[in-house]
Amino acid sequence: MIYDYYDVEAYERNSNDFFHKMEQYGPKNSFGDVYLSFLQLPEDIKSKFFKDYEIDRDAYLFFLVRFYALQSPMKRKSFLKHPYIQSITRDDSLNHFQTLLGEVDFQFWIQGFSDILKKSFQNLGYSSFLNSFHLFRDEYNGAYNGRCHESSIQFSGQNDVVTAFLHEPQANLRFLHSFVESDLKVFETTANIVMKKEDYYRLVKPEVITKIPGEELFDVWDSLFQQHPRLKKMNIKQLLTEYDEVKKNPETIKIKTYHNRK
């Protein structure tokens, strides 16, 4: 089981405790950024109530990029006032973040309405135009936020679906997550972001559990699940994390129930 070396109860306990304390003692900010609130706490409050907590600077930088990407174009302008962001510049389709935490470049996979139409027509051999339009529109609008396993399979194409534990901005905590990976780039499907693979790995330091070719996943979905209908009840999270076991023992693998964890 994937959690044999990862303490979910400790994760939830520490995470919940942090957010509960921040509600009590953390200063508010216009971004709704709880990690910024923590960084802005007076030292006497930190030393008294938060002495066991700190921020992972790399993971926080990724959080800021992802947080920015999920906002509307108008809302993104306000990020220039974020105290940890020094500048946000754009060169063609490349966005450059200069921050007190470091620098990083990224692109939006879907750039706008014309890109939604273009990708919908390109996908006609696999799905109807209307279904494709809704699919790419939802990706552009951030509708897959919180649905990483589903969206990674949906948009994998000929790339790999990677499921791993990623670092949280709250240091020493990790969470289970899936993303799409090619040889050189990572597609963060929950926020419409494409980033150099080396930058993505530098910031969130994935502890990889499985790495599965996207086309193979679709074949398994079409063939294995047809041969073993009971597998259709399997949570996508279990399919991705226990992929080899699912293929090896489709008749006997126990279908697990997951709570609504991050």
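Residues numbered from 1 in each chain as written. Predicted model: local features only at pLDDT ≥ 70, side-chain atom pairs only at ≥ 80, totals over all residues. Heavy atoms only, no water.

1. So, the overall build of the chain
What counts is decided by this rule: Elements are defined by DSSP. Helices are runs of H or I of four residues or more, strands are runs of E of two residues or more, and each kind is numbered from the N terminus. We compute the radius of gyration from the C-alpha atoms alone; for a globule the expected value is 2.2 Å times N to the 0.38, where N is the number of residues. Whether a residue is buried, partly exposed or exposed follows from its accessible area with a 1.4 Å probe, protein chains only, as a fraction of its type maximum: under 20%, in between, or over 50%, in that order. What makes two residues a contact is simply this: any of their non-hydrogen atoms within 4.5 Å. Each accessible area is a Shrake-Rupley result for a 1.4 Å probe, and residues are judged covered by the shown protein chains and nothing else. For this count, His and the chain ends are skipped, Lys and Arg are scored as positive, and Asp and Glu as negative. A single reference atom marks each charge: NZ on Lys, CZ on Arg, CG on Asp, CD on Glu.
When you go through the chain residue by residue, the secondary structure sums to 12 helices and 8 strands. At 20 Å, the chain has a C-alpha radius of gyration in line with the 18 Å of a compact globule built from 262 residues. Taken along the three principal axes of its C-alpha coordinates, the chain extends 60 × 45 × 30 Å. In the chain, which comprises 262 residues, the share counted as buried stands at 48%. Considering only contacts in the chain between residues 6 or more positions apart, those separated by 24 or more positions represent 53%. Counting only carbon and sulfur atoms, one obtains 49% of the accessible surface of the chain, whose full area is about 14,100 Å². In the chain, 34 positive and 37 negative side-chain charges are present, and the distance between their average locations comes to 4 Å.

2. Digging into the environment of Thr163
Counted only if it meets this: Pairs of N or O atoms are called polar contacts if they sit within 3.5 Å, as long as, within protein, a hydrogen donor faces a hydrogen acceptor (for residues adjacent in sequence, only side-chain-to-side-chain pairs).
Its place among the elements puts Thr163 in strand 4 (residues 160–167). Sequence separation of Thr163 and Ser152 is 11 residues, and the distance between their C-alpha atoms is 9.3 Å. Contacts of Thr163, omitting those with residues within four sequence positions, involve Leu176, His177, Ser178, Val208, Ile209, Thr210, Leu240 and Thr241. A polar side-chain atom of Thr163 sits 2.7 Å from a polar atom in the side chain of Ser178.

3. Some words on helix 7 (residues 129–140)
Formally: The span you would expect from a helix comes to 1.5 Å times its residue count less one. The directions from the helix axis to the C-beta atoms form the arc being described.
The end-to-end C-alpha distance of helix 7, which contains 12 residues, comes to 16 Å, matching closely the 16 Å that a straight helix rising 1.5 Å per residue would cover. Ser132, Phe133, Leu135, Phe136 and Glu139 are the residues of helix 7 that are buried. Buried residues along helix 7 cover an arc of 165° about the axis, so they all sit on one side. In this fold, the buried residues of helix 7 make contact with helix 6 (113–122), helix 8 (148–154) and strand 6 (185–188). Of the residues trailing helix 7, Gly142 is marked for its positive phi of about 80°.

4. Let's talk about the packing of helix 4 (residues 57–69) against helix 9 (residues 197–204)
Here is the rule we go by: Helix axes are fitted only over the stretch in contact, all axes being lines through C-alpha atoms; the angle between N-to-C directions runs from 0 to 180 degrees. Put simply, angles under 35 degrees are roughly parallel, angles over 145 are roughly antiparallel, angles from 65 to 115 are roughly perpendicular, and the rest are oblique. Each residue gets one of three labels, nonpolar for Ala, Val, Leu, Ile, Met, Phe, Trp, Tyr, Cys and Pro, charged for Asp, Glu, Lys and Arg, and polar for the others, Gly among them.
Contact geometry for helix 4 and helix 9: axes closest at 6 Å, N-to-C directions at 120°. Considering their axes alone, helix 4 and helix 9 lie oblique with respect to each other. When helix 4 is examined against helix 9, the residues Asp58, Ala59, Leu61 and Phe62 are found in contact with a partner set consisting of Tyr200, Arg202, Leu203 and Val204. Counted by class, the contact of helix 4 with helix 9 contains 6 nonpolar, no polar and 2 charged residues.

5. Description of helix 6
Looking only at helix 6, the buried set comprises Asp115, Ile116, Lys119 and Ser120. The buried residues of helix 6 occupy an angular sector of 135° when projected down its axis, which confines them to one face. Residues of helix 6 that are exposed and angled more than 90 degrees away from the buried face: Phe113, Ser114, Lys118, Phe121 and Gln122.

6. Brief notes about the side chain of Ser120
Assignment of secondary structure puts Ser120 in helix 6. With a relative accessible area of 0%, Ser120 lands in the buried category. Looking at Ser120, its side chain comes within polar contact range of the main-chain oxygen of Ile116, at 2.7 Å. Within the local environment of Ser120, its side chain forms a polar contact with the backbone nitrogen of Phe133, the two atoms lying 3.3 Å apart. When residues no more than four places from it in sequence are discounted, the contact partners of Ser120 are Phe129, Ser132, Phe133 and Phe136.

7. Overview of the pattern of salt bridges
Basically, it comes down to this: Between Lys or Arg on one side and Asp or Glu on the other, a salt bridge is scored when a side-chain nitrogen of the former is within 4 Å of a carboxyl oxygen of the latter.
The full count for this structure, using the stated rule, is 11 salt bridges. Between Glu150 and Arg147 there is a salt bridge, with the nearest N and O atoms lying 2.8 Å from each other. Between Lys211 and Glu181 there is a salt bridge, with the nearest N and O atoms lying 3.0 Å from each other. Here the residue Lys211 occupies a position in strand 8 (residues 207–213), and Glu181 occupies one in strand 5 (residues 174–181), the gap between them amounting to 30 residues.

8. Details of the sheet that holds strand 1 (residues 85–91)
How we decide: By definition, two strands form a pair when at least two bridges between them are found by DSSP.
On the basis of which strands lie adjacent, the open sheet formed by 8 strands has the order 1-2-3-7-6-5-4-8 and antiparallel pairing. Because the sheet does not close on itself, it has two edges, and the strands there are strand 1 and strand 8. Strand-to-strand, the axes of this sheet are offset by a mean angle of 30°, without reference to chain direction. Direction of pairing for strand 5 relative to strand 6: antiparallel, over a ladder of 2 bridges. When the bridges of strand 6 are listed, Glu181 appears paired with Val186. Packed onto the sheet, helix 9 meets strand 3 (102–108), strand 4, strand 5, strand 6, strand 7 (193–196) and strand 8 and runs at close to 95° relative to strand 7.

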